[in-house]
Amino acid sequence: NFLNIELFSKKYKVQKLSESDTADILDLCAGNPLYYKYCPPFVTKETIANDLKALPPQKTLNDKYYIGYYDNNRLIAIMDLINHFPDDETALIGLFMMHNSEQGKGIGSSIITELTDYLPNEGIKRLRLGWSKENKQSKYFWRKNHFEETGTIADLGEYLVVIAQREL
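Right, let's walk through the structure included here. (Residues numbered from 1 in each chain as written. Predicted model: local features only at pLDDT ≥ 70, side-chain atom pairs only at ≥ 80, totals over all residues. Heavy atoms only, no water.)

Section: the overall build of the protein chain
For clarity, the cut-off: Numbering of helices and strands runs from the N terminus; a helix is a DSSP stretch of H or I covering at least four residues, while a strand is a stretch of E covering at least two. The globule rule used for comparison is 2.2 Å times the number of residues to the exponent 0.38, while the radius of gyration itself is calculated over C-alpha atoms. Burial here depends on accessible area, computed with a 1.4 Å probe over protein chains only, as a share of the maximum for the residue type. Under 20% is buried, over 50% is exposed, and the range in between is partly exposed. Surface accessibility follows the Shrake-Rupley procedure with a 1.4 Å probe radius. Residue values consider only the protein chains on display as shielding. Positive: Lys, Arg. Negative: Asp, Glu. His and the chain ends are not part of the count. Lys charges are placed at NZ, Arg charges at CZ, Asp charges at CG and Glu charges at CD.
In terms of helices and strands, the protein chain carries five helices and seven strands. When the helices and strands of the protein chain are placed in sequence order, the string is β-α-α-α-β-β-β-α-β-α-β-β. Whereas a compact globule of 168 residues would reach a radius of gyration of roughly 15 Å, the protein chain reaches 15 Å, a difference of no more than 12%. Seen along its three principal axes, the alpha-carbon backbone of the protein chain occupies a region of about 35 × 35 × 35 Å. The 168 residues of the protein chain split such that 48% are buried. Here the protein chain displays about 8900 Å² of accessible surface, and carbon together with sulfur accounts for 49% of that area. Taking the average location of the 20 positive side-chain charges in the protein chain and that of its 23 negative ones, the two points are 4 Å from each other.

Right under this line is the structure:
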């Protein structure tokens, strides 16, 4: 079953992103050097092209929602959401990033709240994600948004990722 991304937000226009949006995605991501300090490598057109297609095992592009949130036609946030992963009742946020000019205003939290209000209507009971163990800013943001560590740490070689989830 497909998620209706238009229902992800009442405040912002939400649409799927593609390679034609690379310049806007690059602009948004490059404004967040702290993220890449803890989760290298730094963003490039090539890493964006890879991210647009990246999938966990046994998933297809039908389950992937690489989306942008727009305020007056300006990209203010991106999210990479995988539906039904790692199980049918869970969705995974692989990436969520706000434009640096929009941070600290509560917009990111409101986007997450709208998403967590919508997903249960689609049979999703929990939302999972990970943050770099060293990135205190990410840890603070996700904890503030009611995500709790599962106790699992993923070793990605260059850095460790704390796995967290939120029951919906």
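Right, picking up where we left off after that structure.
Re the nonpolar core
To be explicit about the condition: Buried Ala, Val, Leu, Ile, Met, Phe, Trp, Tyr and Cys residues that are joined via side-chain atoms within 4.5 Å together make up what is termed a nonpolar core.
Ranked by internal contacts, the top residues of the largest apolar core, which has 31 residues, are Phe8, Tyr69, Met79, Leu81, Ile93 and Phe96. Among the secondary structure elements, those contributing two or more residues to this core are β2 (64–71), β3 (74–82), β4 (90–98), α4 (107–118), β5 (126–132), α5 (136–144) and β7 (160–167).

Some details on the pattern of salt bridges
Heads up, the condition is: Salt bridge, as used here, is a side-chain nitrogen of Lys or Arg placed within 4 Å of a carboxyl oxygen of Asp or Glu.
Under the counting rule described, the total for this entry stands at nine salt bridges. Here Arg126 makes a salt bridge to Glu167, at a shortest N to O gap of 3.6 Å. In this pair, Arg126 sits in strand β5 while Glu167 sits in strand β7, placing the two residues 41 residues apart along the sequence. The exposure class assigned to Glu167 is exposed, which follows from its relative accessible area of 51%. Put simply, Glu149 and Arg143 hold a salt bridge, and the shortest N to O gap is 2.6 Å. Glu149 sits in the partly exposed class, given a relative accessible area of 34%. One salt-bridge network, held together by shared partners, links Asp87, Glu89, Lys125, Arg126 and Glu167.

Considering the side chain of Lys64
Along the chain, the position of Lys64 falls in strand β2. Under the relative-accessibility criterion, Lys64 is labelled buried at 2%.

Here's the deal with the environment of Gly123
The condition is simple: Residue contacts follow a heavy-atom distance rule, with two residues in contact if any of their heavy atoms lie within 4.5 Å.
Looking at the secondary structure, you find Gly123 in the loop between α4 and β5. Spatially, the C-alpha atom of Gly123 lies 6.3 Å from that of Glu89, the residues being 34 residues apart in sequence. When near neighbours in sequence (up to four residues on either side) are disregarded, Gly123 contacts Asp88 and Glu89.

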